[in-house]
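Structural overview
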Amino acid sequence: MWDLLTILIVFTAMGIVSYALGYLIYRKISVATWAYISAFLPSAPVFVLSLLGASNLILFSWLSHTLGILIYPAIMVIIDILLIEISLLRLVKPFGFILPASFKAAIKVEGIISTLEKYYAIPRPIRVQRVYIVGVIAGLVNLIFSLAFNLM
């Protein structure tokens, strides 16, 4: 029915629309990046299960796209909180010589994550409420596109 190129175009359009809405609402690239990422989350479990050979995923797709509007942004908020927690390790970095080995490893992880954020490989942590709201908006965009293009 749908060829791979058409599906990729629709998914890219979903991400771009979500990114644009996130940027228009909050005027921050980091918030828009979270919106872009969350545009793909409701379809991700269905995609993975279909790659594993599952069939008749219509009910699962409906659940993922409708309940996922509330669940996936909550998961993104948890990831955002973890990024905030990891970025707080910068405060203890000067005292790294007296910290246990586990903290030293966490400080190294913080350095890697800050480098990834610097090059926009992962989004920077932002206010939790904004992450949830743009996640819900992106989930609604995903649902609208999926219904409009009959991708469920």
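Since the structure is predicted, the reported quantities are computational estimates derived from the model, not experimental observations.

Here Val 17 lies in helix H1 (residues 4-26). Looking at Val 17, the relative accessible area reads 30%, which means it is partly exposed. For the pair Val 17 and Asn 142, spaced 125 residues apart in sequence, the C-alpha to C-alpha distance is 9.5 Å. In this view, Val 17 contacts Val 141 and Phe 145; residues no more than four positions away in its chain are not counted.

All right, on to the packing of helix H3 (residues 44-51) against helix H4 (residues 58-66) then. At a minimum axis distance of 9 Å, the contact between H3 and H4 shows a crossing angle of 155 degrees. In terms of axis orientation, H3 runs roughly antiparallel to H4. Counting all contacts with H3, which are made through Pro 45, Val 46 and Leu 49, the residues of H4 involved are Phe 60, Ser 61 and Ser 64. Tallied by class, the residues present in the contact of H3 with H4 amount to four nonpolar, two polar and no charged.

The subject of this paragraph is helix H7 (residues 128-148). Compared with an ideal rise of 1.5 Å per residue, which puts 21 residues at 30 Å, H7 spans 30 Å between its outermost C-alpha atoms and is within 8% of the ideal. Of all the positions in H7, only Val 131, Val 134, Gly 135, Val 136, Ala 138, Gly 139, Val 141, Asn 142, Leu 143, Phe 145 and Ser 146 are classed as buried. Tucked inside the fold, the buried residues of H7 contact H1, helix H2 (29-38), H4 and helix H5 (68-87). Just downstream of H7, Asn 150 is the residue with a positive phi angle, here 55 degrees.

Peptide bonds are, in most cases, trans, and in most cases residues other than glycine have a negative phi. One non-glycine residue, Arg 27, lies in the positive phi region at around 55 degrees. Mapped onto the fold, Arg 27 is located in the loop between H1 and H2. The class for Arg 27 is exposed, based on a relative accessible area of 57%.

This part covers the nonpolar core. Val 31, Trp 34, Ala 35, Met 76, Val 77, Leu 83, Ile 113, Ile 126, Val 131 and Val 134 together form the largest nonpolar core, which totals 10 residues. Secondary-structure elements contributing two or more residues to this core are H2, H5 and H7. Formed by five residues, the second largest nonpolar core is a distinct cluster that contains Val 10, Phe 11, Val 141 and Phe 145.

Moving on, we come to the packing of aromatic side chains. Two numbers describe a pair of aromatic rings. These are the distance of the centres and the angle of the planes. Within the structure shown, the criterion is met by three aromatic pairs. Centroid distance Phe 11 to Phe 40: 6.5 Å. Interplanar angle 15 degrees. Geometry classified as stacked. Here the residue Phe 11 occupies a position in helix H1, and Phe 40 occupies one in the loop between H2 and H3, the gap between them amounting to 29 residues. Members of the aromatic cluster, joined through ring pairs, are Phe 11, Tyr 36 and Phe 40.

Mapped onto the elements of the fold, Leu 147 is located in helix H7. Overall, Leu 147 belongs to the partly exposed group, its relative accessible area being 46%. Excluding its chain neighbours within four sequence positions, the residues that come into contact with Leu 147 are Trp 62 and Met 152.

What counts and what doesn't
Residues numbered from 1 in each chain as written. Predicted model: local features only at pLDDT ≥ 70, side-chain atom pairs only at ≥ 80, totals over all residues. Heavy atoms only, no water. Helix = DSSP H or I, 4+ residues; strand = E, 2+ residues; numbered from the N terminus. Buried < 20%, exposed > 50% of the residue type's maximum accessible area, 1.4 Å probe, protein only. Contact = heavy atoms within 4.5 Å. Axes fitted to C-alpha atoms, helices over the stretch in contact; angles between N-to-C directions. Parallel < 35°, antiparallel > 145°, perpendicular 65-115°, else oblique. Nonpolar A, V, L, I, M, F, W, Y, C, P; charged D, E, K, R; others polar. Expected span 1.5 Å × (residues − 1). Core = buried A, V, L, I, M, F, W, Y, C linked by side-chain atoms within 4.5 Å. Phe/Tyr/Trp six-rings, centres within 6.5 Å; stacked < 30°, edge-to-face > 60°.

By themselves, these figures tell us nothing about what the structure is for.
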